[in-house]
Amino acid sequence: MFETIVALATAPMKSALSLIRVSGEDSFSVVSKCFSKDITNIDKRTALVGEIKDGDKIIDEVVIVCYKGPKSFTGEDLVEIICHGSMLIVNEIIELLLSKGARLAERGEYSMRAFLNQKIDLVQAEAINDVINATTKEAKDLSLLALSGETSSLVEPLRKKLADIISLIEVNIDYPEYQDIEVANKEKIIKSADEIIALVDSLISDGEKGRIIKDGVKVAIVGKPNVGKSSLLNALMGEEKAIVTDIKGTTRDIVEGDINLKGILLHLLDTAGIRESNDKIESIGINKSIKMIEEAELVIVVLDATEELSDEDKQILELSKDKKRIVVYNKSDLLEKKEDGNLYISALENDLDELTNKIKEVLGIEDNNFHHPSLNNARQIGLLKQIKESMLQAKQDSELDLSVDLVSVSLMDAYRATMEILGLASDIDISKEIFSRFCVGK
Ligand SMILES: Nc1nc2c(ncn2[C@@H]2O[C@H](COP(=O)(O)OP(=O)(O)OP(=O)(O)O)[C@@H](O)[C@H]2O)c(=O)[nH]1
Ligand SMILES: [Mg+2]
């Protein structure tokens, strides 16, 4: 059992109402000490109107909702106090609760208790923050799927497949005398490893797309001076964010802006035109541009459609050749003849549809990625990659005819990482799976 904690759940500012949450073993008795009614014996979810009082002094008229554990968010007895939204009142109530035996909650402590009391798994706990921090509707919807537990259920088919192959091997090792048990041969292990790797690959791919929807993507706009990079940033943003002139070297520092492109948050970075320069300030800007090519997840290389490809253009194309990138020919409005296969835009005339479609295509985001759950944060994707590594190892060991004991070690690693996604204990009990392989009556 945990200590009783208290914290303001709503924003610390003046508003119509504020909500203070008290959770823990003694929360009903702590609140009873400063509420006009005794709630210590409440045994089901109950809402009450009353006063918070310090002795005889009324601090505020409030509504309280009592949640009897385990039927509460944290799984413990929990009280929500809805008071008037004045910070004076909020502080007085919290101080009073502290004096009656509660302590201030630490960051994330309510969610941690919900996790420790097994009300939610780790994927759901992580989703709470994601829902709060989402900046697009799409990101919020995706995080809600994780909060509801749908995302966690992606783990079960993976766990099941791993448990199946591990138990098959274990049974063969431990009970060689039984004739009626399926044999764990090399072919079977490799086939099963292949299936698991394919499943993990699709989870990683969906996860990476989900991460883009949730966190957005860093897009660097690069090119030599005067090709229209800043004009492109402004056109995409629909505002005059960056300075545009016909003077080469206008942009010297990075200019940033966020846009929501059909549900995908793009962090746009307009950069200084890349060229040889003796100007100290411009050179610093150019170095930053080169760094941005490395840092960005997507690079838009802007060329001037009215000019031949120059050495500077070639240098920029070389610098970005290993990146996910889109090459655009700007100023197409000045062009009489367009060549097949090139992506033309006009930042000046806001002719950008082909580019925006291409961005979505290059990022690989399809409509279903917005609606399907995915294991999409760095921790989850990292564990999926770990599982894949272990499976590749297991497969390789089998192919080399190494002992099944050794293969089993890698499979166990994969199993542990799978459970870790949900934050579940890594001590593995697959005895149920093992014994389910025996005949009835054995
Ligand atoms: N006709 C035409 N002119 C454009 C277009 N895009 C930009 N320009 C012009 O090209 C010039 C340079 O535009 P900028 O957006 O400042 O170019 P930049 O690439 O940011 O230049 P630096 O910051 O110096 O690297 C300006 O005079 C723009 O008006 C376009 O699509 N069509
Ligand atoms: Mg510029």
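Residues numbered from 1 in each chain as written. Chains lettered and ligands numbered in written order. Predicted model: local features only at pLDDT ≥ 70, side-chain atom pairs only at ≥ 80, totals over all residues.

Things to note about the sheet that holds strand E4 (residues 57-67)
We count it as follows: When DSSP finds two or more bridges between two strands, those strands count as paired. To qualify as a helix, a DSSP run of H or I must reach at least 4 residues; to qualify as a strand, a run of E must reach at least 2; elements of each kind are numbered from the N terminus.
Taking strand neighbours across the sheet as the criterion, the 6 strands line up as E3-E4-E5-E2-E1-E6 in an open arrangement whose pairing is mixed. Strand pairing shows two members of the sheet lacking a second neighbour, strand E3 (46-54) and strand E6 (103-104), which therefore form its edges. As defined by bridge partners, E3 adjoins E4 across 9 bridges and the pair is classed as antiparallel. Along E4, the bridge assignment pairs Ala-47 with Val-65.

Some thoughts on the site of ligand 1
What counts is decided by this rule: Placing the C-beta atom from the backbone, one calls a residue near a molecule or strand if that atom lies within 6 Å of it. Any residue outside Ala, Val, Leu, Ile, Met, Phe, Trp, Tyr, Cys, Pro, Asp, Glu, Lys and Arg is labelled polar, Gly included; the first ten of those are nonpolar and the last four are charged.
Taken together, 24 residues form the shell around ligand 1, and within it Gly-228, Ser-230, Thr-251, Gly-273 and Leu-348 come nearest. When residues in the shell around ligand 1 are grouped by element, the largest group, 3 residues, is from helix H8 (residues 229-237). Partitioning the shell around ligand 1 into residue classes produces 7 nonpolar, 12 polar and 5 charged.

Notes on the domain arrangement of the chain
Keep this limit in mind: The split of the chain into domains comes from an automatic or database domain assignment.
We note that the domain assignment places domain 1 (5-116) and domain 2 (138-442) within the chain. The C-alpha-based centres of domain 1 and domain 2 are spaced at 43 Å.

Quick look at the sheet that holds strand E8 (residues 255-261)
Rules: Under this scheme, a helix contributes an axis fitted over its contacting stretch, all axes are lines through C-alpha atoms, and angles between N-to-C directions fall in the 0 to 180 degree range. Placing a C-beta atom from the backbone of each residue, one calls two residues in contact when those atoms lie within 7 Å.
Sheet architecture is open: 5 strands sit in the order E8-E9-E7-E10-E11, paired in mixed fashion. A single partner strand is all that each edge strand has here, and the edge strands are E8 and strand E11 (325-330). In this sheet, adjacent strand axes meet at a mean angle of 25° when their direction is disregarded. Note: E8 against strand E9 (residues 264-270), 7 bridges, orientation antiparallel. Bridge assignment links Ile-259 to a residue of E9, and that residue is Leu-266. Sitting on the sheet, H8 touches strand E7 (217-222), E8, E9, strand E10 (298-304) and E11, and the angle it makes with E8 is about 40°.

A short note on the nonpolar core
For soluble globular proteins, the rule of thumb is that nonpolar side chains tend to be buried together. Note the threshold: We define a nonpolar core as a collection of buried residues of the types Ala, Val, Leu, Ile, Met, Phe, Trp, Tyr and Cys that are connected via C-beta atoms lying within 7 Å of each other. Partly exposed residues are those falling between the two cut-offs: more than 12 but fewer than 20 other C-beta atoms within 10 Å of their own, whereas 20 or more means buried and 12 or fewer means exposed, with C-beta atoms placed from the backbone.
Formed by 42 residues in total, the largest nonpolar core has its most connected members in Val-219, Ala-220, Ile-221, Val-222, Ile-264 and Val-302. If we ignore the near neighbours within four places in the chain, the residues touching Ala-220 are Leu-269, Thr-271, Met-292, Ile-293, Ala-296 and Val-299. Ala-127, Leu-168, Leu-383 and Tyr-415 belong to the second-largest nonpolar core, a separate cluster that totals 32 residues.

Points about helix H13 (residues 378-399)
What counts, and what does not: Multiplying one less than the number of residues by 1.5 Å gives the expected span of a helix. Comment: arc refers to directions from the helix axis out to C-beta atoms.
For H13, built from 22 residues, the straight-helix expectation of 32 Å at 1.5 Å per residue is met to within 8% by its first-to-last C-alpha distance of 31 Å. Along H13, the positions that sit buried rather than exposed are Gln-380, Leu-383, Leu-384, Ile-387, Ser-390, Met-391, Ala-394, Lys-395, Asp-397 and Ser-398. Summarising the axial view, the buried residues of H13 lie within an arc of 160°, below the 170-degree limit, and thus occupy one face. Looking at H13, the residues exposed on the side facing more than 90 degrees away from the buried face are Ala-378 and Glu-399. In this structure, the buried side of H13 is in contact with helix H4 (122-133), helix H7 (186-215) and helix H14 (404-421). Positioned one or two residues after H13, Asp-401 has a phi angle of 60°, which is positive.

Some thoughts on H4
With 12 residues, H4 extends 17 Å from end C-alpha to end C-alpha; this agrees with the ideal 16 Å at 1.5 Å per step. Along H4, the residues classified as buried are Val-123, Gln-124, Ala-125, Glu-126 and Ala-127. In the core, the buried residues of H4 are packed alongside helix H3 (109-116), helix H5 (137-148), H13 and H14.

With respect to the pairing of E4
Counted between consecutive antiparallel strands, the loop separating E3 from E4 contains 2 residues, among which Gly-55 sits at a positive phi close to 65°. Sheet topology places E4 next to strand E5 (residues 78-84); 5 bridges connect them, and they run antiparallel. Bridge assignment links Cys-66 to a residue of E5, and that residue is Val-79.

Concerning the pairing of E11
Let me state the cut-off plainly: For the handedness criterion, the strands are oriented away from the viewer, and a crossover whose path from the first strand over the helix to the second runs clockwise is classed as right-handed.
The pairing of E10 with E11 spans 6 bridges and is classified as parallel. Residue Val-301 lies in a different strand from E11, and its bridge partner there is Val-327. Between the parallel elements E10 and E11, the chain passes through helix H10 (residues 311-319) in a crossover that is right-handed.

Side note on the packing of H13 against H14
Spelled out, the test is: Between 65 and 115 degrees an angle is taken as roughly perpendicular, under 35 as roughly parallel, over 145 as roughly antiparallel, and anywhere else as oblique. The handedness criterion is simple: a crossing whose near helix is rotated anticlockwise from the far helix by less than a right angle is left-handed, and one whose near helix is rotated clockwise is right-handed.
Two elements in contact, H13 and H14, have axes separated by 8 Å at closest approach and are oriented at 165°. Considering their axes alone, H13 and H14 lie roughly antiparallel with respect to each other. The element H13 and its partner H14 pack so that their crossing is left-handed. Packed against H13, whose contacting residues are Gln-380, Leu-383, Gln-386, Ile-387, Ser-390, Met-391, Gln-393, Ala-394, Asp-397 and Ser-398, the element H14 presents Leu-406, Val-407, Ser-410, Leu-411, Asp-413, Ala-414, Ala-417, Thr-418, Glu-420 and Ile-421 at the interface. The residue makeup of the contact of H13 with H14, split by class, is 10 nonpolar, 7 polar and 3 charged.

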